[in-house]
Each structure stands twice: as C-alpha cells, then as structure tokens.
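Chain by chain, the residues run as shown.
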Amino acid sequence: MLPSSSYQPNYFSIEDILATQERTPCKFLQDVPRMGKLNPSAEEKDLKVGTELELPLWLVLDGAAGRQLILAPELPKIYREAYREILKADATAIDLHKFNLYFYELGSYIKHFDRRGDVHNILLHTFTTRFRLIMDLANNADSDPTIQNKLDTLERRLFKDGHNARMKLNTWLLESGIPLKAASMVDNHRKRKRVNEELV
Amino acid sequence: MFAEKACSLIKELSRCEEGLPPYNIELVKEVCTEIKQLHEQNKEDGAIVANESEIAGNVNPLYPTLRIGSAAVKRNIRCLLAYHYNRLRTLRTMRWQFGSILPPDIKTNLSSDEIDWFSKYSSCLGKYMRSIGEDGLNLCLDLRPPKSLYIEVKCLIDYGKFELSDGTVLLLKKDSRHYLPRSECEELITQGVFHHIV
C-alpha cells in the first residue's frame, strides 16, 4: 500500500524534504513507551493507543510501513471530500498556494492513504485543468503578475521554465544574435549589493 | 519534535534560491548532538528489545519507540547531508559563474571546509582544462556560438589594468568603451565587468 523507502526525486531533494515535513493527522494503533513528548497537549510519559496527533509526514510514513503498523494515517483536510469538491468544481479558480505549498508532492504521498483512489484522481484532475492556465501565463507573463502567487511550488517551477524558454525564443526571433550576458548569480549578487549599499 | 532543527537548516537554504546563506555552524552542531542523543537512546532500547524478545518470543512494547527513534535519526541525517550537498552544488555553479575568485561577501558565508573544497575544485577544473588538446582549452569561453571576432563592450566598474594576450595593457575605467576580441572579454562579461553592446 505504501511506497517503499526510496526517495523521490532523490535523497538530497530540498523540496521533498520540505514536503515531507508537512503535518498529517494519524491515530496510534499501539502504546509507545516514552514518546509522550510527541503529544504536546498531554504530560504523560507514554503515548497511549488511540491517541490522535498531527505528525510530520516522514514520521507517519515510517510508522505506517513495515509488517507491524504503529499508526494509521488519515487524510489531511485539503485532500478530504469537501476540498475535493471545490477542486472538482473549478480547479483554476483556486489559490493552490494557500492550500499547500507542496500540493502535488504532498498529494503523491497522501494518495497511498486513500484506498479508493479519489485523491489520485483529484490530483490528476487539478493538474490537467490548471496546466492550460500555467502555459498561458508562461507565454504572456505581462498579463497579470498577481496570478503567479496562486501557484504551488511545482506549478511555479513549470511557469518559470516555460517563461524563460519563451523569452529565449523571443530574443532569438527578434535579434538572432544573443548578446553575451553576465552570469545570473553575478547579476543577482550585484543587485543585492546595490540594495545593501542604499540601505547603509 | 524530532528533526525540527535539521529542517530549519533546509528552510534556510530554500529561502535563497541563487546564493548561499551563511554557514550555520551552531545549528549544525545542535543537530549533531540531537543525533548522538537519539542514537544512544536507540542503542539502549535496541539492546533491551533484542534481549527480551529471545525470552518472551512475542513483540516487545519498546519496539514502536525504537522504530520512531530510528526514523528520527534517519531524518536528521538526511537533512544534514542534504544541507551540505546542496551548498556544494551551489558553490560549484558559482565557480563557473564568478570564476576562480569569489567576491569577499560570498566568501564570508562559507565554512572553512567549503573554502577548501572550492579551491580544490577550482584547481582540478584548471588542470582538466589545461590537459585538453595541445595547449589547453578554456571551457568557460564560447558558451554561445560567436558571430564575430570583435565585439564592442562598455565597462561597468573601475576594474584597473587589464592585459591582453598580445601584451597591450588597457586601463579599464567605469563607462569607458572598448572594441576587443571576443575571446579576451567573454569571461569579464560573465563576471559582470563588461556590458556587451549589440
């Protein structure tokens, strides 16, 4: 049921680490001695069976794997029925950034907690509906800059890559010879320095 | 909560996309202590579980505690490794963009090991570039196909003296314009000294 312990997309991925840090509700199936501090609202030393907590996803994944289950994961509220209905109605109107910064990354873990596959379907539905919007944005970025703030991390990356590619194509079409430019890090470094100098 | 500190290291990194935050030696040390403590605790629990399960034959009540403890250690190590690895990757990109000498304000953000690594990487790269072909090949040049041998550039900062490969010495002042062989000034453009005028 759960994905094996391999890391997606790789062990060092910053985004994956941050996505697995998100809190997920779960219920303990066993007594866990000396882990009372996981539950900030209780002062007992041991964690009792049946305690419901919100724990980081990496801990939940580990506890719900293997032969002996320590805890049973539940769906975070943004993947539950009510929110799924909102997404089904019109995914393009939603501020996904407010739902969760890592909506898709988190979702791809969460979908294994849902046996009926509803979460799986809603992730796919959300992405395919919103993809046209992102593509449109990337090609005409000047239209409305605030709309960018409604994208989650994955979408934002897609937007940025698409936008850069479009810009490159435009300069190539317009002036064929590409001028030599300062490296992007150098450029940013200089801009930041200028800001600092102004502050002083 | 476990691994909270380790995760804040990663958050620091993710906040500056291009560039490096100061190396957070204190937090790294704290994470190391947390790992050590957890490891000690796990070793004790592990010994108990191993001993008792032989006698009783059924599942030990400490087993879940041990599982959670070891998950926390794994998580901490992952964050710590990812922190260092991603910093090195940025540093490597910096070698290609800034050249072999880093601006001083970036250098202050590095740990001494990272400075070491940078100079080693730099010299490895230099050695490799000298070894290509008969008299070496500068891989930092001609990243884009050249259209002409000479280009016009404007100097953006007071750089000082600059010697061309034929021996002529130029004085590069702010806002001065030059008409130079492309191969001579490409690196200075990448480093932000020149601006290419089309």
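Note on numbering: residues in each chain are counted from 1, in written sequence order. Whichever chain is written first becomes A and whichever ligand is written first becomes 1, with later ones labelled in order. Given that this is a predicted model, residues contribute local features only at a pLDDT of at least 70 and side-chain atom pairs are listed and counted only at 80 or more, while totals for whole chains, interfaces and linings are drawn from all residues. Hydrogens and waters are ignored; side-chain quantities use all the structure's heavy atoms.

Asker: Looking at this structure, how should I read the overall build of chain A?
Answerer: Secondary structure elements are taken from DSSP: a helix is a run of H or I of four residues or more, a strand is a run of E of two residues or more, and numbering for both begins at the N terminus. Scanning chain A for helices and strands turns up eight helices and three strands. Element order for chain A, N to C, with α for helix and β for strand: α-β-β-α-β-α-α-α-α-α-α. Just to be clear, the radius of gyration here is over C-alpha atoms, and the globule rule we use is 2.2 Å times residues to the power 0.38. Here the C-alpha radius of gyration of chain A, 22 Å, is well above what a compact globule of 200 residues would show, namely 16 Å. Burial here depends on accessible area, computed with a 1.4 Å probe over protein chains only, as a share of the maximum for the residue type. Under 20% is buried, over 50% is exposed, and the range in between is partly exposed. Out of the 200 residues belonging to chain A, those deemed buried represent 39%. Throughout, the Shrake-Rupley method with a 1.4 Å probe supplies accessible areas, and for residues the shown protein chains are the sole cover considered. Of the roughly 11800 Å² of accessible surface on chain A, a fraction of 54% belongs to carbon and sulfur atoms. Each charge class in chain A was averaged separately, 29 positive and 28 negative side chains, and the resulting centres sit 3 Å apart. Asp and Glu are treated as the negative residues and Lys and Arg as the positive ones, with His and the ends of the chain left uncounted. To locate a charge, take atom NZ for lysine, CZ for arginine, CG for aspartate or CD for glutamate.

Asker: How should I be thinking about the domain arrangement of chain B in this particular structure?
Answerer: As a measure of interface size, the accessible area lost when the parts come together is often cited. Residue ranges assigned to the domains are those given by an automatic or database domain assignment. According to the domain assignment, chain B consists of domain 1 (4-110) and domain 2 (150-197). Placing a centre on the C-alpha atoms of domain 1 of chain B and another on those of domain 2 of chain B gives a separation of 45 Å.

Asker: Looking at this structure, I do not really get the sheet that holds strand β4 (residues 177-181) of chain B. What am I missing?
Answerer: Whether parallel or antiparallel, the strands of a sheet pair through hydrogen bonds between backbone atoms. All names here are of chain B. Here three strands make up an open sheet; going across it, the order is β4-β1-β5 and the pairing antiparallel. The open sheet has two edge strands with one neighbour each: β4 and β5 (194-197). Strand-to-strand twist in this sheet, taken as the mean axis angle between neighbours without regard to direction, amounts to 40°. Strand pairing is assigned whenever DSSP identifies at least 2 bridges connecting the two strands. Think of each axis as a best-fit line through the C-alpha atoms, taken over the contacting stretch in the case of a helix, with angles from 0 to 180 degrees between the N-to-C directions.

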